[in-house]
2 protein chains.
Amino acid sequence: MTNIQLDRIENEALRNRVVTPEEAASWIGDGMTLGLSGFTRAGDVKAVPFALVDRAKENGFKVNVFTGASLGSDVDTLFAEAGIVNKRLPFQADPTMRKSINAGDMFFVDQHLSHTAELVRSGVMGPIDFAIVEAVAVKEDGTIIPTTSVGNSSLFATHAKNIIVEINMAQTPLLEGIHDIYEPGKQGARGPIPLEKADDRIGVPGIKVDPELIRGIVFTEQADSPSTIVQPDEETKIMADHLLDFLRKEIELGRLDETLAPLQSGIGSVANAVLHGMIDSEFKNLEVYSEVLQDAVFDLIDAGKVDFASCCSITLSDEKMKQVFGNFEQYRDKLIMRPQEMSNHPEVIRRLGLISINTALEFDIYGNVNSTHVSGTKMMNGIGGSGDFARNARLAIFVTKSVAKGGNISSIVPFVSHTDHTEHDVDVVVTEQGYADLRGLAPRERVPLIIENCVHPDYKKQLWAYYQEALERGGQTPHVLEKAFSWHQHLAEHGTMKMEKEAAGVK
Amino acid sequence: MTNIQLDRIENEALRNRVVTPEEAASWIGDGMTLGLSGFTRAGDVKAVPFALVDRAKENGFKVNVFTGASLGSDVDTLFAEAGIVNKRLPFQADPTMRKSINAGDMFFVDQHLSHTAELVRSGVMGPIDFAIVEAVAVKEDGTIIPTTSVGNSSLFATHAKNIIVEINMAQTPLLEGIHDIYEPGKQGARGPIPLEKADDRIGVPGIKVDPELIRGIVFTEQADSPSTIVQPDEETKIMADHLLDFLRKEIELGRLDETLAPLQSGIGSVANAVLHGMIDSEFKNLEVYSEVLQDAVFDLIDAGKVDFASCCSITLSDEKMKQVFGNFEQYRDKLIMRPQEMSNHPEVIRRLGLISINTALEFDIYGNVNSTHVSGTKMMNGIGGSGDFARNARLAIFVTKSVAKGGNISSIVPFVSHTDHTEHDVDVVVTEQGYADLRGLAPRERVPLIIENCVHPDYKKQLWAYYQEALERGGQTPHVLEKAFSWHQHLAEHGTMKMEKEAAGVK
């Protein structure tokens, strides 16, 4: 251990618990539940999981892997390839793991990201055998200072039988002080969460644990995986413009002012593009209250547009990572990083009245949204925080391009093949074609708006034909049940949702 | 005006504004939006709506009708028959109006009951031209004291251009003092809701309005419509026993104690039966934090089982109404009646950690719940508060008998024909066959539990056959999309979901 490393462990007794990743991994047994740090590729542990995968080559075992959200550093890839995961929750975004999940080789529980904490705390999902969390330092009293995400780390560490800390020397020690760890207590024995503004500090700067539970400390020096975000293109820019037009209308109607309301933006290139679109806008003194901060939020900070950003994770491109963490003094007083239970808490989201922008995989003519399942069966990533935000936000906005796969898939379908967000929770839908403001509208009022404003011209007639046939059958929410999934079936059989005129019932 | 009536209006100036229902109704013009008191048949206005219907016989007009929830006194029936409603929200439960809605003769917006307030307050749904609210009295400063429901009355009265008060002499004046009216303020400019226990008082005992806005006061003397609740039968008793068994297991596991957690129970005979089942149980010192209190809650109070009940409405059978309101001194200190925004607020529900019991119309093999749409298209009543509670409760429990229509409909289907509550929000499902605890389970883990524990024996094989075929296709949530609604189609074509062995794919 070098002196620089030594400085990161203030507690004398804990300095004797520094071990190799291999030794730490050897403590983990078959059937155990692991709680790993990591949220959208940020702040994940990078040594013990690898050692665990190596162990799997010698003797087989299965563990349950709970995290904040998706992991970087190929950990989920390697876990899936090694076949050591029994159950994974609450979110993943790994192509290899996705295959294992969809093949039924492992269980994946797709949870609202604010819900995992309640289930662990109440003993429904417990116990956590090992919490393994990345840190920049461990303090004298055992307090763990997280790195670039909090996620569920504080939950896991305070509910685990054993804790393994990975101190990552590649993470800037300036991260200390930006975290705000708040524990709400048990349901039925807790008070209000005293958070009224995005920049309110309500907790403590690190995760307080009994030092005796820290069984081992491992040193690493490896940067977070850069985000895989695709930069804005022509279409995402157009979508951003539509959304900004909608927000301007809200200002005209006196429902918002130029500071808007705290913004939440889900992971993904479209949501990122929308925030990018604000750089050259008239909006100002913006605040962000989100899960993950992507490049665009820091661009907005640099442009003087965003005054403050609350998050539970920072996930940046390679270039942006260097700029932000290389000059972190500039950003520290504009950031708070919270547990995902707080960044995504319905109480706070409803109180602050967020403007929430998330990505849909598909939505239907009534505004129901599928965020997760390709053709209703195959898991993409997971619902993540989109439900936490959409249900409670002032404005629940879902964005998607109107078509995918070279135009062979329409993102707007007669009936979503899987429902993650119901018509009750979806306020505005946006594609590159336009937007539909669904608030206060009955199902039959929503359909013309959605078809005319959001659907790609190639699919308008086909969708009108479905709706006309449905209307003849009547109902609050007219449908032709036997044709509800005909577009998905046509895609499976013919590689496109574009049907022959006859088959689609176009008259 | 009699002296007894006079006593109910403390403000001298307002005494001069007593009018006939006909005169009040004459102020209402075409295209206006009305905000009516009334929640689950309780505390609805009973004179002006009738006069309005009479006016419609002479000249046609359309109004938007916003309420708390369902109305009694046949108001929705008469409104629908008169054809005067353009848009109705956020809930109804009237057979005649249901027909109009499903025929497309009027618009119905099916909203989470806690959401209407935010939409009106932020100006998205406004303006309210006339708030028409039932009261037991109007105080010197114009404060309106509601009757047997609060619902959205305070919201409407404080956001209306004009207010009409119906003082109902048939409602006991002892109701004064049980209401707790709290206004959270605008999103982004509000603090925490300071409610930590079911019996916390956080507001004022009446609706504070500018007396100048009270344009007229009408006197009525007509009891609330009695509830239409069906008394517990053998099957609902068995379901109650299953649910009590589940709660006992939770106690054994140390997750609850004998006082359980504040209970919410949706309207309906099954939910009522479940509460009834607690009368002879070991549970004690129970609390209720619900929307509507039905007979069973008062039986539990009488039995010394329930210490306190918070609600936004009291809806009783004829007999129980006489007992409760005839002896209201006995109950007053055990009750608080709040606006539905507070009874259903996600912040409070999550904080208190409610046990929430609501009725499903159907659910599927993965635990998605349809609460509203018969065969996916025809509206029954509406989602009501079930979504507010299920999403945020400690335990989101849905109950339904396993079959309906003499066994020709299975309440558990391959794919719900409409989704109101997603798998993410449903913890436990209960039928007379048993219960399935779905918490922390992946979709593939849920299916065997649901089929074996909840499905009627007549449908088990058929459901297994569907799932086996789906499994061959794989996925996180295996389905055979082209057969997903085959049970509903078979019902439409043959009057039963029971299929020939061949057609159902049973091997």
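In the nomenclature of an unreviewed UniProt entry, chain A is known as Propionyl-CoA:succinate CoA transferase of Bhargavaea cecembensis DSE10.

Draft legend 1. Broad picture of the environment of glutamate 176 of chain A. Residue and element names in this part refer to chain A. The topology assignment puts glutamate 176 in the loop between β8 (160-168) and β9 (214-220). Note: C-alpha distance between glutamate 176 and valine 136 (40 residues apart in sequence) is 7.3 Å. In this structure, glutamate 176 is in contact with Val136, Ala137, Lys139, Ile145 and Arg332, ignoring residues within four places of it in sequence.

Draft legend 2. Up close: the UniProt feature "active site" (unreviewed entry) in chain A. All names here are of chain A. Here the UniProt-annotated "active site" (unreviewed entry) positions come out as Glu291. Position of glutamate 291 among the secondary structure elements: in the loop between β11 (286-289) and β12 (292-293). By relative accessible area, glutamate 291 is classed as buried at 7%. Beyond its immediate sequence surroundings of up to four residues, glutamate 291 is in contact with Phe39, Leu113, Cys311, Cys312, Ser313, Ser343, Asn344, Gly384, Gly385 and Phe389.

Draft legend 3. Expanded view of the UniProt feature "binding site: CoA" (unreviewed entry) in chain A. All names here are of chain A. According to UniProt, the positions carrying the feature "binding site: CoA" (unreviewed entry) are Gly266, Ile267, Gly268, Ser269, Val270, Asn381, Gly385 and Lys405. A stretch of 140 residues holds the annotated residues, and the largest C-alpha distance among them is 25.9 Å, long enough that they do not meet in one place. The contacts of glycine 266, once residues within four sequence positions are left out, are Ala271, Gln294, Ile357 and Asn358.

Draft legend 4. Structural detail: the packing of helix α10 (residues 269-276) of chain A against helix α11 (residues 295-302) of chain A. All names here are of chain A. Relative to each other, α10 and α11 sit at 10°, their axes nearing to 8 Å. One element, α10, and the other, α11, form an angle in the roughly parallel class. Between α10 and α11, the residues in contact are Asn272, Leu275 and His276 and Asp295, Ala296, Val297, Asp299 and Leu300, respectively. Looking at side-chain class alone, the contact of α10 with α11 contains four nonpolar, two polar and two charged residues.

Draft legend 5. Quick peek at the domain arrangement of chain A. All names here are of chain A. Partitioning chain A into structural domains gives domain 1 (3-220) and domain 2 (234-494). On a C-alpha basis, the centres of domain 1 and domain 2 stand 29 Å from each other. Contacts between the two partners involve 51 residues from domain 1 and, on the opposite side, 44 residues from domain 2. Summing both partners gives a buried area of about 3700 Å² for domain 1 against domain 2, and 58% of it is carried by carbon and sulfur. In terms of surface lost to domain 2, no three residues of domain 1 exceed Ile178, Ile193 and Ala198, which account for 18% of the buried area on that side.

Draft legend 6. Region of the structure containing helix α12 (residues 318-326) of chain A. Residue and element names in this part refer to chain A. Residues of α12 that are buried: Lys320, Met321, Val324 and Phe325. Along the long axis of α12, the arc covered by the buried residues comes to 110°, so they all point the same way. Of the exposed residues in α12, those oriented more than 90 degrees away from the buried face are Glu319, Lys322 and Gly326.

Draft legend 7. Region of the structure containing the packing of aromatic side chains. Using the criterion set out here, one finds 18 aromatic pairs over all chains in the structure. Ring centres of tyrosine 366 of chain A and tyrosine 467 of chain A lie 6.5 Å apart, and the angle between their planes is 70°; on these two criteria the pair is classed as edge-to-face. Within this pair, whereas tyrosine 366 of chain A is found in the loop between β17 (362-364) and β18 (369-370), its partner tyrosine 467 of chain A is found in helix α18 (residues 457-473), the two being separated by 101 residues in sequence. Each member of the pair tyrosine 366 of chain A and tyrosine 467 of chain A is classed as buried. Through pairs of rings, three or more aromatic residues link up here, namely Phe415 and Phe485 of chain A together with Phe415 and Phe485 of chain B. The positively charged end of arginine 215 of chain A is found above the aromatic ring belonging to tryptophan 27 of chain A, 4.5 Å away from the centroid.

Draft legend 8. Region of the structure containing the state of the cysteines. All names here are of chain B. Applying the stated rule across the entire model yields zero disulfides over all chains. Cysteine 311 takes part in no disulfide bond, and the closest cysteine sulfur, belonging to cysteine 312, lies 6.7 Å away. You can call cysteine 311 buried: its relative accessible area is 1%.

Draft legend 9. Structural detail: helix α10 (residues 269-276) of chain B. All names here are of chain B. Most of α10 sits out of view: six of its eight residues are buried. Those residues of α10 lying buried are Val270, Ala271, Asn272, Ala273, Val274 and Leu275. Those residues of α10 that are buried are in contact with α9 (234-252), β10 (263-265), α11 (295-302), β16 (355-359) and β21 (395-399).

Draft legend 10. Structural detail: the pattern of salt bridges. Taken as a whole, this structure holds 78 salt bridges over all chains when the rule is applied. For glutamate 469 of chain A, the salt bridge identified is with lysine 483 of chain A, shortest N-O distance 2.9 Å. Of the two residues, glutamate 469 of chain A is situated in helix α18 and lysine 483 of chain A in the loop between α18 and α19 (486-494); the sequence distance between them amounts to 14 residues. Where aspartate 245 of chain B meets arginine 248 of chain B, a salt bridge forms, and the shortest distance between an N and an O atom there is 3.3 Å. Taken together, the residues span about one helical turn, with aspartate 245 of chain B and arginine 248 of chain B both in helix α9 at a distance of three residues. Since its relative accessible area comes to 29%, arginine 248 of chain B is described here as partly exposed.

Draft legend 11. Highlighting the sheet that holds strand β8 (residues 160-168) of chain B. Residues and elements named next belong to chain B. The seven strands are arranged β4-β3-β2-β1-β5-β8-β9 in an open sheet whose pairing can be described as parallel. Either end of the sheet is taken by a strand with one partner, and the two such strands are β4 (107-108) and β9 (214-220). In this sheet, strand β5 (residues 128-135) lies alongside strand β1 (residues 33-36) in parallel orientation, the contact comprising three bridges. Looking at the pairing, glycine 35 lines up with alanine 131 of β5.

Draft legend 12. Local environment of empty space enclosed by the protein. Applying the stated criterion to the full structure yields seven cavities of 30 Å³ or more. Empty space within the largest cavity amounts to approximately 410 Å³. Surrounding the largest cavity, 31 residues form its lining, His115 and Leu119 of chain A together with Arg394, Asp427 and Arg439 of chain B being those nearest its centre. Counting only elements with at least two residues in the lining of the largest cavity, the list comes to α7 (116-121) of chain A together with α16 (386-392) and β21 of chain B. At three residues, the largest contribution of residues to the lining of the largest cavity is made by α16 of chain B. Taken together, the residues of the lining of the largest cavity sort by class into eleven nonpolar, eight polar and twelve charged. Within this model, the second largest cavity holds a volume of roughly 70 Å³. If you go around the second largest cavity, the residues you meet are His418 and Thr419 of chain A together with Asp364, Tyr366, Asn368, Phe415, Val416, Thr419, Thr477 and His479 of chain B. Of the residues that constitute the lining of the second largest cavity, the class distribution is three nonpolar, six polar and one charged.

Draft legend 13. Quick look at the interface of chain A and chain B. Listed by partner, the interface residues are 76 residues for chain A and 76 residues for chain B. Contact between chain A and chain B buries roughly 6300 Å² in total, counting both sides, with carbon and sulfur atoms accounting for 52%. A salt bridge links lysine 87 of chain B to glutamate 445 of chain A; the shortest N-O distance between them is 2.8 Å. At the boundary of chain A with chain B, the tally comes to 41 residue pairs in polar contact (both at pLDDT 80 or more). Put simply, the parts of the chain that give the side of chain A that touches chain B at least two residues each are α6 (95-102), β4 (107-108), α7, α15 (346-352), β20 (378-379), α16 (386-392), α17 (443-454) and α19 of chain A. Among the elements that make up the side of chain A that touches chain B, the one with the highest residue count is α15 of chain A (five residues). For the side of chain A that touches chain B, the residue count by class is 23 nonpolar, 31 polar and 22 charged.

Rules of the game
- Residues numbered from 1 in each chain as written.
- Chains lettered and ligands numbered in written order.
- Predicted model: local features only at pLDDT ≥ 70, side-chain atom pairs only at ≥ 80, totals over all residues.
- Heavy atoms only, no water.
- Helix = DSSP H or I, 4+ residues; strand = E, 2+ residues; numbered from the N terminus.
- Contact = heavy atoms within 4.5 Å.
- UniProt positions renumbered as here; feature names shortened; annotations may be inferred.
- Buried < 20%, exposed > 50% of the residue type's maximum accessible area, 1.4 Å probe, protein only.
- Axes fitted to C-alpha atoms, helices over the stretch in contact; angles between N-to-C directions.
- Parallel < 35°, antiparallel > 145°, perpendicular 65-115°, else oblique.
- Nonpolar A, V, L, I, M, F, W, Y, C, P; charged D, E, K, R; others polar.
- Domains from an automatic or database assignment.
- Buried area = accessible area lost by both parts, 1.4 Å probe.
- Arc of directions from axis to C-beta.
- Phe/Tyr/Trp six-rings, centres within 6.5 Å; stacked < 30°, edge-to-face > 60°.
- Lys NZ or Arg CZ within 6 Å of the ring centre and 35° of its normal.
- Disulfide = S-S within 2.5 Å.
- Salt bridge = Lys/Arg side-chain N within 4 Å of Asp/Glu carboxyl O.
- Pairing = 2+ DSSP bridges.
- 1 Å grid on protein atoms, 1.4 Å probe; cavity = no way out; pocket = protein on both sides within 12 Å on 5 of 7 lines; lining within 4 Å.
- Points joined across faces, edges and corners; volume = space filled by probe spheres on them.
- Polar contact = N/O pair within 3.5 Å; in protein donor to acceptor, adjacent residues only side chain to side chain.

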